[in-house]
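This is what each chain is made of:
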Amino acid sequence: MTDLIYLAVIAVPVLVALILVFGNPDKNRTKISRIFFLVAIFVFTYLPIAVLIIFSFNEGRSTGVWEGFSFKWYKELFADERIMRSVITTIIVAFSSAIISTVFGTFASIGIFYMKKIPKNIILNVTNLPILNADIITGVSLLLLYNIIGIPLGYVSLILAHISFNLPYVILSIMPKLKQMDNNLYEAALDLGSTPMNALIKVVIPQIMPGIVSGFLLALTMSMDDFVISLFTSGAVVSTLSLEIYSMTKRGITPEINALSTIIFLIVLTVLIIANLKKSKTEEDTRKA
Amino acid sequence: MSRLPKLRFKRSVFAYPYVVFAIVFLVAPLLLVVFYSLTREIDNYSIYLDHENTPEAIIGNLDFIGYEEDPTLSETGTYYYDGETLSVVNYRKSNAEVYKIYFGDGKVTFIEEYFGGELFDDTLDDVKFLNRLTGFYFTFDNFERFFSNPDSMKVFLRSIYIAFVSTVICLLLGFPTAYVLSKMKERWRNFLSVMFLLPMWMNFLLRTYAWRTLIEKTGIINTILESVGLPAQSLMYTQGAVILVMVYDFLPFMIMPIYNTLIKLDRSVLEASHDLGANHYQTLFTVVLPLSLPGVASGITMTFVPSITAFAISKIMGGTQSVTIGEEIERVFNNDMWFGSAMSVIIMVLMLVSMFFLSGKDKDGDNIGGGMI
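Counting starts from 1 at the beginning of each chain's written sequence and moves along it residue by residue. For naming, the first written chain is A and the first written ligand is 1, with later ones following in the order written. The model is predicted, so local features are restricted to residues of pLDDT at least 70 and side-chain atom pairs to those at 80 or more, both for listing and for counting; the totals for chains, interfaces and linings are taken over all residues.

S.K.: Honestly, the overall build of chain A in this entry has me stumped. Any pointers?
M.R.: Working definition: helices are DSSP H or I runs of at least four residues, strands are E runs of at least two. Numbering for both runs from the N terminus. Across its full length, chain A holds 13 helices and zero strands. Going from N to C terminus, chain A has its helices and strands arranged as α-α-α-α-α-α-α-α-α-α-α-α-α. Using C-alpha atoms as the atom set, the radius of gyration is obtained and then compared with a globule rule of 2.2 Å times the number of residues to the power 0.38. Scaling as 2.2 N^0.38, a compact globule of 289 residues should have a C-alpha radius of gyration of about 19 Å, whereas chain A reaches 25 Å, well beyond that. Across the 289 residues in chain A, those meeting the buried criterion constitute 40%. Residues are scored as being in contact if the C-beta atoms we place from backbone atoms lie within 7 Å. Of the contacts made within chain A by residues no fewer than 6 positions apart, 73% connect residues no fewer than 24 positions apart. Burial in this document is a count-based property: other C-beta atoms within 10 Å of a residue's C-beta are tallied, and the residue is buried at 20 or more, exposed at 12 or fewer, or partly exposed in between, with C-beta positions derived from the backbone.

Below, the structure is given as structure tokens:
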């Protein structure tokens, strides 16, 4: 019964606002309910993160009672060998798989772009598979593959798995740029005496560079965020940050995770702010020009 | 007309290495899952004796991979069974599994036994080696076992239910959020959309864990409730907790595609609708809503598909009453790849069906990566 009362206290105003936000934008009640609704979603989004950040500075172990300010958990985090090792593993795996899949994916996209229509469609649909498929199935299926061809679980299997789910994202962010590209430039380069390979590197690749960069960044984030596929393909020895957090939640929670979350949140926030400032700046520049 | 210089190679050759890679790493694994789901390993299998498979050759093979005859086990000796004379020899390797070998009339039967019901890692490879030669048969057993077992059916239906409820809640919260954001002034909406989508870029296990600290027995919500004199609630380890966190984790994936389609809506279409006499609600229901459907469809795909198999969330937040199919696959797969593969195939079919209804709505793939980088 009390559950229902609590639910009503939270859910009813949100539901009312949810209907009112679609009202006539000139009316005051629409404006107010829109603000209320956004604030409610905003609180829902940031409440857990805010609590994590606040309690990362807590003196005690509790995540419910404030016992005084300290940097204790940050110190313990940096002293924790397991976590630090998993951070390094994550960085190694993310960067190596992102770099390999970007280089490999760039050439693959150029090749796919110039394929005939039917094989092109087939290969693009195959490329979509890991994006559409559930992570757990990708993980399980790669495990079966490794079992059959005899790749032992470890760094190699983990990086191969990451490459295989990163490549589709790289290819899908480069393909639209290839479509927008002016193909005459490539032919002009050939007319002016360039070799095809040279023309490709000096003419085609610069034109699709934005796609390559965003493909790389996407691969990097996908790889860092992955948990399920890594769980199946990493084996017992290698552990990424996601796997480490998962095993921490099973072993029992220490506020070190809070400190870790705070640091990751700040990194994500800084990166996104920089990326978006840069983006709006280039947008303004293009508008001026 | 000037002739173009002849190309010395086709540019499509660049794709060939990728084609090979895609066949090995994208297509073959899925075919393997299907293959495993339709087969079972033979635990007890017979090899008919002939001039190649003599008892000596078979024992020699076992010797070769490290098995030794173990006369200390009581069953070693000669037995009579069904009028046949069988001699039984136990072979074992370093305290791990035992092969009982029955030599009968022209036939040798292997029976694997495990101590403690567990395979040890170092012997696993040898067993695979033996089994890979002759040790599987085609069957629908895995699927039958799944559909005839009320427990696994319950888990399956529960996962669909949890995924469905969280997708509906995500849609109910996500569509208005995207709509309100898209109606804001450009400066504000650029900033706010980044703020709303930011958690998407944080590790999702950390986001899941964050809720745990909030709703735990000793968490902050209960601390606040108790300090104002209200009874503490036990919110953890329930289906509600799993759904709550699924909504939290997947909401950005619903907001983002809908927001992207809404801001791309052609303003002149809306103006035309007003000019032709439609009021605000008529425009909303007959113009905005239908035009936003591609975004809604990809939002639903991006929430429903991961939430059906998400197992970390139910494992961290849920209890025994909220075990999902993803959790079940992970648990089963370590012991029984064949059954686990069958479950994966069932999930794949389910997703193909749901995608069939939602596909073709979002062709350009604009929404991958949130269009944020």
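S.K.: Looking at this structure, I do not really get the overall build of chain B. What am I missing?
M.R.: When helices and strands are counted, chain B shows 14 helices and eight strands. Scored against the burial criterion, the 373 residues of chain B give a buried share of 37%.

S.K.: How do you make sense of the packing of helix H8 (residues 183–191) of chain A against helix H9 (residues 196–207) of chain A when you look at a structure like this?
M.R.: How two helices pack is summed up by the angle between their axes together with the distance between the axes. Residues and elements named next belong to chain A. In contact at an axis separation of 9 Å, H8 and H9 are set at 135 degrees when each is read in the N-to-C sense. In terms of orientation, H8 lies oblique with respect to H9. Relative to H9, H8 is oriented so that their crossing is right-handed. Together, Leu185, Tyr186, Ala189 and Leu190 of H8 and Pro196, Ala199, Val203 and Val204 of H9 make up the contact between the two elements. In the scheme used here, Gly and all other residues not listed as nonpolar or charged are polar, with Ala, Val, Leu, Ile, Met, Phe, Trp, Tyr, Cys and Pro taken as nonpolar and Asp, Glu, Lys and Arg as charged. A class-by-class count of the residues in the contact of H8 with H9 yields eight nonpolar, no polar and no charged. The angle between two axes is taken between their N-to-C directions and runs from 0 to 180 degrees, where each axis is a line fitted to C-alpha atoms and a helix contributes only its stretch in contact. Orientation labels follow simple angle bins: below 35 degrees gives roughly parallel, above 145 gives roughly antiparallel, 65 to 115 gives roughly perpendicular, and whatever is left gives oblique. Here a crossing is called left-handed whenever its near helix is offset anticlockwise from the far helix by less than a right angle, and right-handed whenever the offset is clockwise.

S.K.: When you look at the nonpolar core in this model, what are you seeing that I'm missing?
M.R.: The tendency in soluble globular proteins is for nonpolar side chains to be buried as a group. By convention the nonpolar core is taken to be a set of buried residues drawn from Ala, Val, Leu, Ile, Met, Phe, Trp, Tyr and Cys and joined through C-beta atoms within 7 Å. Of all hydrophobic cores here, the largest spans 142 residues; its most connected members are Val140(A), Val245(B), Met246(B) and Ile255(B). Broken down by element, this core gets its largest block of residues, 16 residues, from helix H9 (residues 239–263) of chain B.

S.K.: Mind showing me how you'd approach the interface of chain A and chain B here?
M.R.: Accessible area lost upon the coming together of the parts is a frequently used measure of interface size. If you look at the interface, chain A gives 71 residues, while chain B gives 79 residues. When its residues are assigned to classes, the side of chain A that touches chain B shows 49 nonpolar, 18 polar and four charged.

S.K.: Just checking my understanding: could you explain unusual backbone geometry for this structure?
M.R.: Comment: phi is negative for the bulk of residues other than glycine, and the bulk of peptide bonds are trans. Residues and elements named next belong to chain B. One non-glycine residue, Tyr237, adopts positive backbone phi at about 60 degrees. Its location among the elements puts Tyr237 in the loop between helix H8 (220–227) and H9. Take Tyr237: there are 17 C-beta atoms within 10 Å of it, and that puts it in the partly exposed class.

S.K.: What exactly am I supposed to notice about the domain arrangement of chain A here?
M.R.: Residue and element names in this part refer to chain A. Segment limits for the domains were obtained from an automatic or database-derived domain assignment. Here chain A is partitioned into domain 1 (2–55) and domain 2 (80–288). For domain 1 versus domain 2, the distance between C-alpha centres works out to 36 Å. Broken down by class, the residue content of the side of domain 1 that touches domain 2 amounts to four nonpolar, no polar and no charged.

S.K.: When you look at helix H13 (residues 325–335) of chain B in this model, what are you seeing that I'm missing?
M.R.: Structurally, the α-helix is built with 3.6 residues per turn, so residues lying three or four positions apart point the same way. When H13(B) is considered as a whole, its buried residues turn out to be Ile325(B), Gly326(B), Glu327(B), Glu328(B), Ile329(B), Glu330(B) and Phe333(B). Considering only its buried residues, H13(B) is in contact with helix H6 (135–149) of chain A together with helix H5 (150–182), helix H11 (280–309), helix H12 (312–317) and helix H14 (337–358) of chain B.

S.K.: Mind showing me how you'd approach the environment of Met254(B) here?
M.R.: Residue and element names in this part refer to chain B. Within the secondary structure layout, Met254 lies in helix H9. By C-beta crowding, Met254 is classed as buried, having 29 other C-beta atoms within 10 Å. Sequence separation between Met254 and Trp188 is 66 residues; the distance between their C-alpha atoms is 20 Å. Look past the residues within four positions of Met254 in its chain and what remains in contact with it is Cys170, Leu171, Gly174, Gly299 and Thr303.

S.K.: Quick question: what am I supposed to make of the packing of H13(B) against H14(B) here?
M.R.: Residue and element names in this part refer to chain B. The interhelical angle for the contact between H13 and H14, taken along N-to-C directions, is 155 degrees, at an axis separation of 8 Å. Considering their axes alone, H13 and H14 lie roughly antiparallel with respect to each other. Between H13 and H14 lies a crossing whose hand is left-handed. Packed against H13, whose contacting residues are Ile325, Glu328, Ile329, Val332 and Phe333, the element H14 presents Met337, Phe339, Gly340, Met343, Ser344 and Ile347 at the interface. Counted by class, the contact of H13 with H14 contains eight nonpolar, two polar and one charged residues.

S.K.: Can you walk me through the environment of Met184(B) in this structure?
M.R.: Residue and element names in this part refer to chain B. Along the polypeptide, Met184 turns up in the loop between H5 and helix H6 (186–197). Separated by 165 residues in sequence, Met184 and Val349 place their C-alpha atoms 41 Å apart. What Met184 contacts, discounting residues up to four positions off in sequence, is Arg189 and Leu192.

S.K.: Even after reading the chapter, I still don't get the confidence of the model for chain B, so can you show me in this structure?
M.R.: Note that predicted coordinates carrying low pLDDT should not be read in detail. Residue and element names in this part refer to chain B. Each residue carries a pLDDT score, the predictor's own confidence in it, on a scale running from 0 to 100. On average, chain B scores 76 in pLDDT, and the residues at 70 or more come to 68%. Mean pLDDT across the elements of chain B bottoms out in helix H3 (residues 121–134) (37) and peaks in helix H1 (residues 16–37) (93). Taken as a whole, residues 79–83 scores under 50 in pLDDT and shows four contacts with residues more than four places along the chain or in a different chain. Contacts from residues 361–373, a stretch scored under 50 in pLDDT, to residues over four places away or in other chains number 29 contacts. Interface confidence in the predicted complex, given as ipTM, is 0.87; pTM for the same model is 0.80.

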